[in-house]
Amino acid sequence: MKELSIGKNDVGQRLDRFVSKSVPLLPASLLQKYIRLKRIKRNGKGTKRDVRLVEGDVLQLYINDEFFERP
């Protein structure tokens, strides 16, 4: 599990766009699936893909480590 905190530069972004920018190796279809299955949580709860992020939000990403590694 990885945790990402939302700073003031990332305020107002959609959840799916922020995660795709933070984890570029994760395919878009798998990202949508992980959001649906609640493997990506915002402040400890499941969320929708089009929610706007606010400063202080904490995202928990229950994603395999292979998507975080750089080739």
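For the structure, check the block above.
No experiment lies behind these values; they were computed from the predicted model shown. (Residues numbered from 1 in each chain as written. Predicted model: local features only at pLDDT ≥ 70, side-chain atom pairs only at ≥ 80, totals over all residues. Heavy atoms only, no water.)

1. Considering the overall build of the protein chain
Here's step 1: Broken down by element type, the protein chain carries two helices and four strands.
Here's step 2: Along its sequence from the N terminus, the protein chain presents helices and strands in the succession β-α-α-β-β-β.
Here's step 3: The dimensions of the protein chain, computed from C-alpha atoms along their principal axes, are 30 × 25 × 20 Å.
Here's step 4: Relative to its full complement of 71 residues, the protein chain shows a buried share of 31%.
Here's step 5: Restricting the contact set of the protein chain to residue pairs at least 6 apart, pairs at least 24 apart contribute 59%.
Here's step 6: When the accessible surface of the protein chain is split by element, carbon and sulfur atoms take 46% of a total near 4,700 Å².
Here's step 7: Across the protein chain, the 16 positively charged side chains and the 9 negatively charged ones have centroids separated by 7 Å. (Helix = DSSP H or I, 4+ residues; strand = E, 2+ residues; numbered from the N terminus. Buried < 20%, exposed > 50% of the residue type's maximum accessible area, 1.4 Å probe, protein only. Contact = heavy atoms within 4.5 Å. Areas by Shrake-Rupley, 256 points an atom, 1.4 Å probe, with all protein chains shown as cover. Lys, Arg positive; Asp, Glu negative; His and termini not counted. Charge placed at Lys NZ, Arg CZ, Asp CG, Glu CD.)

2. A closer look at the pattern of salt bridges
Here's step 1: This model, assessed by the stated rule, comprises four salt bridges.
Here's step 2: Taking the shortest distance from any N to any O, the salt bridge between K21 and D10 comes out at 3.5 Å. A residue pair is termed long-range when its members are at least 10 positions apart, and K21 in helix α1 (residues 15-22) and D10 in the loop between β1 (2-5) and α1 qualify at 11 residues.
Here's step 3: By relative accessible area, which is 16% here, D10 ends up buried.
Here's step 4: A salt bridge links R49 to D16, with the nearest nitrogen and oxygen atoms 3.3 Å apart. In this pair, R49 sits in the loop between β3 (45-46) and β4 (58-61) while D16 sits in helix α1, placing the two residues 33 residues apart along the sequence.
Here's step 5: For R49, a relative accessible area of 40% puts it in the partly exposed group.
Here's step 6: By relative accessible area, D16 is classed as buried at 6%. (Salt bridge = Lys/Arg side-chain N within 4 Å of Asp/Glu carboxyl O.)

3. What about the sheet that holds β3?
Here's step 1: Here we have four strands laid out as an open sheet, ordered β1-β4-β2-β3, and antiparallel in their pairing. Single-partner strands in this sheet number two, and they are β1 and β3.
Here's step 2: Relative to β3, strand β2 (residues 40-42) runs antiparallel, the two sharing two bridges. Along β3, the bridge assignment pairs K41 with G46.
Here's step 3: This element, α1, spans β1, β2 and β4 of the sheet and lies at about 60° to β4. (Pairing = 2+ DSSP bridges. Axes fitted to C-alpha atoms, helices over the stretch in contact; angles between N-to-C directions.)

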